[in-house]
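# Survey of secondary and tertiary structure
One letter stands for each residue in the lines below.
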Amino acid sequence: MTLKTFFKAALFTGLIVFSASNFAEITDNEINIGIITDASGGWSDATGQGALIASQMAVNDMGGLINGAPVNLIMVDYTAEIKDYLSTTGKKTVDYTKMIQQIMKRLETEYNIDAISELSDSRIAIPAQNYAKEKGIISLVVGAGSTTLTNKFCSKTGFHWSWDTYALTKGLGKVIVENENSDKWYFLALEGAFGEDAIKKSRTVIETNGGKVIGKRMFPYGYGATNFFPAIEEARKAGANVIAIANAGDEAIAAIRQVRESGIFEKEGTVVSLITLLQDIRKLGLYSSRNLQFVAPFYWNRDEKSRNFAKRFLSRHGAVPSAAQAAMYSATLHYLRGVAESGYDKGETLANKMRALDVDPRDPFLDPKAAFRKDGRVVHDMYLVEVKSPQETTEAWDYFKLIRTIPGSEAYQPISETQCQFAK
């Protein structure tokens, strides 16, 4: 393998390309995967360079070449792209659709891209998948959570691999509301598709189980929201006994820490987080995050297969994999198997082959009975977990304890409820 780093002014900041050697016949004679990720912002520890490494592990496990064709991984740091967009345009807010269209056009022009992956922000993932489906490009959404990706914005060449707001809220909301004095919810939520979707889906579960949402405060992601104390005090005055963090990255970490520091929900109340990754807990520390409950699609210490993958990943990255990074390995492996079986590296023929394939025995992320639905939803088990106290932790990175497994058939929106027209 050779490693090439490209430094083009205002283009693909921090872009890295891994290339396999040799050259062979397959569609355009090479397989090009664009990894659009946060490599320098609040999600970078849980995605970023680790997402690239996980994908490269999958390429290596497939032998480096697929039917003799080289596999190229092109990483784009969308956080750097956002900063560049604001600097270049002089604007205070980002037109995500316009910015992503520019990125996708460059990927297509310079690399003849066949697939895109990671996409850990719904504002990034939605326009990227919309662009990709017009070109027959395979989209493997790992990090974004909006259910619109498999509903309103579904794609015949699109897959939503990891979590979504439906799965994150259903199991968590039901369990929490069933607890005594946990029926009045107040949200600290991310502006945009993810936060709005999370509150909408949570409200349905909460009200179905006898609770209610009594308030919310929305915050922009990536703009340095750091003071959550006024919103926490507002939640107290409103009479909330559950404060729910529907935020992401460093902003979510700051919100959880400040809820703990306020002491308001320490004795009489519950703190829940709708999207939490392993690296978030490491940043928070076990004292600040102890007893925090959330739904996760993966945990490295779950079983022997996940532990073996974590050891391999740790030796390459210096940390065990987050759920997003494990999902990147899974999605890349499955995509490359589809290419090998179909002879195509993009388009509906490949997407249909991917839906027909069984889960690879090497896959540490998907359970063997996972299903690949027509609307793009990858249906797999989810896990309700709780953060251990410092006293309960027995080894490095051992942060979670499993409360219960939520079968994929229960966790995800039924296909009968989808708004995806071709899936009906």
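Worth saying up front: this structure is predicted, and the values here are computed from it rather than measured.

Further remarks concern the overall build of the protein chain. The helix and strand tally for the protein chain stands at 14 helices and 17 strands. Here the C-alpha atoms of the protein chain give a radius of gyration of 21 Å, agreeing with the 22 Å that 2.2 N^0.38 yields for 424 residues. Taken over the C-alpha atoms alone, the protein chain extends approximately 65 × 50 × 45 Å along its principal axes. Expressed as a percentage of its 424 residues, the buried residues of the protein chain come to 61%. Sequence-distant contacts in the protein chain: of pairs separated by 6 or more residues, those separated by 24 or more amount to 71%. With an accessible surface of roughly 16300 Å², the protein chain has 49% of that area assigned to carbon and sulfur atoms. One finds the centroid of the 49 positive side-chain charges in the protein chain at a distance of 3 Å from the centroid of its 49 negative side-chain charges.

Attention now moves to the state of the cysteines. In the structure shown here, the tally under the stated rule is 1 disulfide. Note on cysteine connectivity: cysteine 154 is disulfide-linked to cysteine 420, with sulfurs 2.2 Å apart. Across the S-S bond linking cysteine 154 and cysteine 420, the dihedral sits near 90°, which makes this disulfide right-handed. Placement of cysteine 154 in the loop between β7 (138-141) and β8 (158-160) and of cysteine 420 in the segment after α14 (408-411) is noted, with a sequence separation of 266 residues between them. Take cysteine 154: its relative accessible area is 8%, and that puts it in the buried class. Overall, cysteine 420 belongs to the buried group, its relative accessible area being 0%.

Further remarks concern the confidence of the model for the protein chain. In this model, the protein chain carries an average pLDDT of 88, and 92% of its residues clear a pLDDT of 70 or more. Residue range residues 1-14 is modelled with pLDDT below 50. Its contacts to residues more than four positions away, or to other chains, number 34 contacts. In the predicted structure, residues 18-25 sits below a pLDDT of 50 and forms 30 contacts with residues beyond four places in sequence or in another chain.

On to the packing of helix α2 (residues 78-89) against helix α3 (residues 96-111), then. Axis separation between α2 and α3 bottoms out at 11 Å; the angle between their running directions is 115°. The interaxial crossing formed by α2 with α3 has right-handed handedness. Taking contact as the criterion, the partners of Glu81, Ile82 and Tyr85 in α2 are, on α3, Tyr96, Lys98, Met99, Gln102, Ile103 and Arg106. For the contact of α2 with α3, the per-class residue count stands at 5 nonpolar, 1 polar and 3 charged.

Over its 14 residues, helix α4 (residues 122-135) runs 20 Å from end to end, which matches the ideal 20 Å to within 8%, given 1.5 Å per residue. When you tally the buried positions in α4, you get 10 out of 14 residues, the bulk of the element. Where α4 is concerned, the buried positions are Ser122, Arg123, Ile124, Ala125, Ile126, Pro127, Ala128, Gln129, Tyr131 and Ala132. Of the residues one or two after α4, glycine 136 is the one with positive phi, at around 75°.

Conventions adopted
Residues numbered from 1 in each chain as written. Predicted model: local features only at pLDDT ≥ 70, side-chain atom pairs only at ≥ 80, totals over all residues. Heavy atoms only, no water. Helix = DSSP H or I, 4+ residues; strand = E, 2+ residues; numbered from the N terminus. Rg over C-alpha atoms; globule rule 2.2 N^0.38 Å. Buried < 20%, exposed > 50% of the residue type's maximum accessible area, 1.4 Å probe, protein only. Contact = heavy atoms within 4.5 Å. Areas by Shrake-Rupley, 256 points an atom, 1.4 Å probe, with all protein chains shown as cover. Lys, Arg positive; Asp, Glu negative; His and termini not counted. Charge placed at Lys NZ, Arg CZ, Asp CG, Glu CD. Disulfide = S-S within 2.5 Å. pLDDT = per-residue confidence, 0-100. Axes fitted to C-alpha atoms, helices over the stretch in contact; angles between N-to-C directions. Left-handed = near helix turned anticlockwise from the far one by under 90°. Nonpolar A, V, L, I, M, F, W, Y, C, P; charged D, E, K, R; others polar. Expected span 1.5 Å × (residues − 1).

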